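Chains, contacts and geometry: an overview
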Amino acid sequence: MLTFPYNQDENPPTPYIEAIISPSGKTDICALWQAKIDSGASLTVIPDNLVSQWNIQVRRKIRVRGYDGHASERYTYLVDILIGSRRFETVEVTCSKRINIFLGRDVLNQLRIMHDGPRQIVEIHDA
């Protein structure tokens, strides 16, 4: 089991976990990132600077709708995500101007997660 404290810099405090991300199939290029658990997001979102820094190739263009209801077209990319010892390969993600990752249901639905709000920790039980 992995345990992570809520991020106290946000109000209210927010559950984040650590994730290692890399371009799909490239184990020699990777980075450790803070990933915000976003059960409202169907798709994981990575910082756009990773796409340009790693020169990740576009997979396809999709239509997405943000939390504000605004729809737009976005490119998707393939990455590998490592959470603890659990590896998620060829995860289709999109990007935006962010400083962290939004970890969406595409990954979250494959994990057993326990949010302990009173203790302000999040536990990943199968990683």
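These numbers were taken from a predicted model, which means no experiment stands behind them. (Residues numbered from 1 in each chain as written. Predicted model: local features only at pLDDT ≥ 70, side-chain atom pairs only at ≥ 80, totals over all residues. Heavy atoms only, no water.)

Considerations on the layout of surface pockets
To locate leftover empty space, one rolls a probe as large as a water molecule over the atoms. Considered as a void within the structure, the largest pocket measures approximately 550 Å³ in volume. Within the residue set of the lining of the largest pocket, elements represented by two or more residues are β5 (60–65), β6 (71–83) and β7 (86–96). Considering only residue class, the lining of the largest pocket consists of 6 nonpolar, 7 polar and 5 charged. (1 Å grid on protein atoms, 1.4 Å probe; cavity = no way out; pocket = protein on both sides within 12 Å on 5 of 7 lines; lining within 4 Å. Points joined across faces, edges and corners; volume = space filled by probe spheres on them. Helix = DSSP H or I, 4+ residues; strand = E, 2+ residues; numbered from the N terminus. Nonpolar A, V, L, I, M, F, W, Y, C, P; charged D, E, K, R; others polar.)

Let's talk about unusual backbone geometry
Looking along the chain, the bond that leaves Asn11 and enters Pro12 is cis, with omega of 0 degrees. Here the phi dihedral of Thr90 falls at roughly 45 degrees; this positive angle occurs in a residue that is not glycine. Mapped onto the elements of the fold, Thr90 is located in strand β7. The exposure class of Thr90 is partly exposed, given its relative accessible area of 48%. (Buried < 20%, exposed > 50% of the residue type's maximum accessible area, 1.4 Å probe, protein only.)

Looking at the nonpolar core
With 28 residues, the main nonpolar core has Ile17, Ile21, Ile46, Ile81 and Ile83 as its most contacted residues. With near-sequence residues (within four places) excluded, Ile81 lies in contact with Ala19, Ile20, Ile21, Thr44, Arg86, Arg87, Phe88, Val91, Leu103 and Val107. (Core = buried A, V, L, I, M, F, W, Y, C linked by side-chain atoms within 4.5 Å. Contact = heavy atoms within 4.5 Å.)

What to know about the packing of aromatic side chains
The description of an aromatic ring pair rests on the distance of the ring centres and on the angle between the ring planes. A full pass over the atoms with the stated rule returns 0 aromatic pairs. The ring centre of Phe102 lies 3.6 Å from the NZ or CZ of Arg98, which sits over that ring. (Phe/Tyr/Trp six-rings, centres within 6.5 Å; stacked < 30°, edge-to-face > 60°. Lys NZ or Arg CZ within 6 Å of the ring centre and 35° of its normal.)

What about the sheet that holds strand β9 (residues 113–116)?
Reading across from one edge, β1-β10-β9 is the order of the 3 strands in this open sheet, with antiparallel pairing throughout. Since the sheet does not close on itself, it has two edges, and those belong to β1 (2–5) and β9, each with one partner. The average angle at which neighbouring strand axes cross in this sheet is 15 degrees, direction not considered. (Pairing = 2+ DSSP bridges. Axes fitted to C-alpha atoms, helices over the stretch in contact; angles between N-to-C directions.)

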